[in-house]
Amino acid sequence: MTTAAFIPAAIGVLLTAEPRAKAAAARALAADWRAGRLAAPTLAAPTTAAATDTGAAALPLRPARPERPVLLPPSRMPKRGRGGNVASRVRLLHALAHIEFNAIDLAVDMAARFGAEIDADETVCRRFVDDWVGIADDEARHFGLVADRLEALGAAYGDLPAHDGLWEAAMATAHDMTGRLAVVPMVLEARGLDVTPDMIRRLDEFGDTASADALRVIYRDEVGHVAAGLRWLTHVATARGTTARALFHDRVRRLFPGRVKPPFNADARARAGMVPEDYEPLAEMRDQTAHPTPLA
């Protein structure tokens, strides 16, 4: 079977701006990877980015974005709806759709940027890419679920403003694989585990079981995403002669500009492999910004 390079295929996803098309491209990337049609990333990285490059240096610092939604600073964002009426549910679901849209790129970028760096053993590298390509596939599916619910309520992704906080976290950790593993799955996505059950409960109470069911799927999958972050941070920590907890605390304190905000969903975090000693000390960090955006 003829194989194509993984990095150009990943760049194709990252440079797709239209939201539904990006989700479809991510799912196609996952299908091609699983079918063996893409070669694993390599450490041979060129110094100039170009569409034909096969190394991580070719990756864009920012992925393509549609003209809408308009991106505002987090401090200017309106509060999310609680779901008590249609307009409120649209605000809630729009915020979640934006998270899922960004999460597609975060997972693709993780696989492409760090897939060759994770280990000298190519078999291990392939397992890393397996995980993050699978997560990108999940996030694309999640985006579709939430976008469908927006459309059922007479709205669409892009109708409301959003912010760029999630990709700012990616840019802050583009140089540091352990920082990316610590901040994105183990802080932002773990925060999703904390807040999603209450959103599901409220949607059920307001009679929007279809939206609640979409969030139930997302919540279930989030546990595995957080677990993947911990698993690979543990892998790197062991190779470096330290612990995942020490590495996690160090990277979050240096690279995450907020604090890890309680209350915590200890049960869901435990299912992902995290214990209170992992995250509770980080709740004492000085809150430098607005609350972190949970990554669903």
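Residues numbered from 1 in each chain as written. Predicted model: local features only at pLDDT ≥ 70, side-chain atom pairs only at ≥ 80, totals over all residues. Heavy atoms only, no water.

Student: Explain the overall build of the chain residue by residue, including any values.
Tutor: Counting its regular elements, the chain contains 10 helices and two strands. Secondary structure elements in the chain, listed N-terminal to C-terminal, are β-α-α-β-α-α-α-α-α-α-α-α. Looking at the chain as a whole, 54% of its 296 residues qualify as buried. Within the chain, contacts between residues at least 6 apart in sequence are counted, and of these 80% link residues at least 24 apart. Working note: accessible area of the chain is about 12300 Å², and carbon and sulfur atoms make up 55% of it. (Helix = DSSP H or I, 4+ residues; strand = E, 2+ residues; numbered from the N terminus. Buried < 20%, exposed > 50% of the residue type's maximum accessible area, 1.4 Å probe, protein only. Contact = heavy atoms within 4.5 Å. Areas by Shrake-Rupley, 256 points an atom, 1.4 Å probe, with all protein chains shown as cover.)

Student: Help me get a handle on the side chain of His225, residues and values and all.
Tutor: One can find His225 in helix α7 (residues 209-239). Relative accessible area serves as the criterion here: at 2%, His225 is assigned to the buried category. Setting aside chain neighbours within four positions, we find His225 in contact with Trp132, Ile135, Asp138, Glu139, His142, Pro185 and Glu189.

Student: Requested: an account of helix α6 (residues 177-205), with residues and values cited.
Tutor: With 29 residues, α6 should reach 42 Å at 1.5 Å per residue; the first-to-last C-alpha distance of 41 Å fits that figure. Along α6, the sharpest change in direction is near 40° and occurs at Val195; proline Pro197 comes one to four residues later. One or two residues past the end of α6 sits Gly207, with phi positive at roughly 85°. (Expected span 1.5 Å × (residues − 1). Bend = angle between axes of the 7 residues up to and from the residue.)

Student: Run through the packing of aromatic side chains, naming residues and quoting values.
Tutor: Summed over all chains, the structure comprises seven aromatic pairs. Taking 5.2 Å as the distance between ring centres and 80° as the angle between the ring planes, the aromatic pair formed by Phe128 and Trp232 counts as edge-to-face. Within this pair, whereas Phe128 is found in helix α4 (residues 122-152), its partner Trp232 is found in helix α7, the two being separated by 104 residues in sequence. Summarising the burial analysis for this pair, Phe128 and Trp232 share the class buried. Connected via pairs of aromatic rings, a cluster forms that spans Phe101, Phe143 and Tyr157. When the ring centre of Trp167 is taken as reference, the NZ or CZ atom of Arg65 above it lies at 6.0 Å. Over the ring of Tyr279 we find Arg269, and its NZ or CZ is 4.4 Å from the ring centre. (Phe/Tyr/Trp six-rings, centres within 6.5 Å; stacked < 30°, edge-to-face > 60°. Lys NZ or Arg CZ within 6 Å of the ring centre and 35° of its normal.)

Student: If you had to explain the nonpolar core to someone new, which residues and values would you point to?
Tutor: Ranked by internal contacts, the top residues of the largest apolar core, which has 86 residues, are Phe6, Trp132 and Phe248. Among the elements of the structure, α1 (6-14), α2 (19-34), α3 (86-114), α4, α5 (165-172), α6, α7 and α8 (244-255) are those that each provide at least two residues to this core. Sorting elements by how many residues they give to this core places α3 first, with 14 residues. For Phe248, the residues in contact, after removing those within four places along its chain, are Ala182, Met186, Val187, Leu233, Met274, Asp278 and Leu282. (Core = buried A, V, L, I, M, F, W, Y, C linked by side-chain atoms within 4.5 Å.)

Student: Describe the confidence of the model for the chain, listing the residues and the values that go with them.
Tutor: On average, residues of the chain carry a pLDDT of 90, and 90% of them reach 70 or more. Note on residues 287-292: pLDDT is under 50 here. Beyond four places in sequence and across chains, it has 11 contacts. (pLDDT = per-residue confidence, 0-100.)

Student: Tell me about the environment of Phe128, and name the residues and values.
Tutor: On the basis of relative accessible area, Phe128 is assigned to the buried category, the value being 0%. Residues Phe128 and Ala111, 17 residues apart in the sequence, show an inter-C-alpha distance of 7.0 Å. Excluding residues within four positions of it along the chain, Phe128 makes contact with Met110, Ala111, Phe114, Gly115, Ile118, Leu181 and Trp232.

Student: A description of α5 should follow, citing residues and the corresponding values.
Tutor: Every buried residue belonging to α5 is among Leu166, Trp167, Ala169 and Ala170, and all of these are buried. Within α5, the buried residues cover an arc of 145° as seen down the axis, which keeps them to one side. (Arc of directions from axis to C-beta.)

Student: Describe the packing of α1 against α2, listing the residues and the values that go with them.
Tutor: Closest axis-to-axis distance for the α1/α2 pair is 8 Å, and the angle between their directions is 160°. Relative to α2, the element α1 is oriented roughly antiparallel. Note that α1 runs across α2; the crossing there is left-handed. Touching Phe6, Ala9, Ala10, Val13 and Leu14 of α1 are Lys22, Ala25, Ala26, Leu29 and Trp33, all from α2. Each residue belonging to the contact of α1 with α2 can be placed in one class, and the counts come to nine nonpolar, no polar and one charged. (Axes fitted to C-alpha atoms, helices over the stretch in contact; angles between N-to-C directions. Parallel < 35°, antiparallel > 145°, perpendicular 65-115°, else oblique. Left-handed = near helix turned anticlockwise from the far one by under 90°. Nonpolar A, V, L, I, M, F, W, Y, C, P; charged D, E, K, R; others polar.)

Student: Let's hear about the pattern of salt bridges: which residues, and what values?
Tutor: Opposite charge on two side chains allows them to pair when their charged atoms are near. Summed over all chains, the structure comprises 29 salt bridges. For Arg34, the salt bridge identified is with Asp137, shortest N-O distance 2.8 Å. Of this pair, Arg34 sits in helix α2 while Asp137 sits in helix α4, and the two are 103 residues apart along the sequence. Under the relative-accessibility criterion, Asp137 is labelled buried at 7%. (Salt bridge = Lys/Arg side-chain N within 4 Å of Asp/Glu carboxyl O.)

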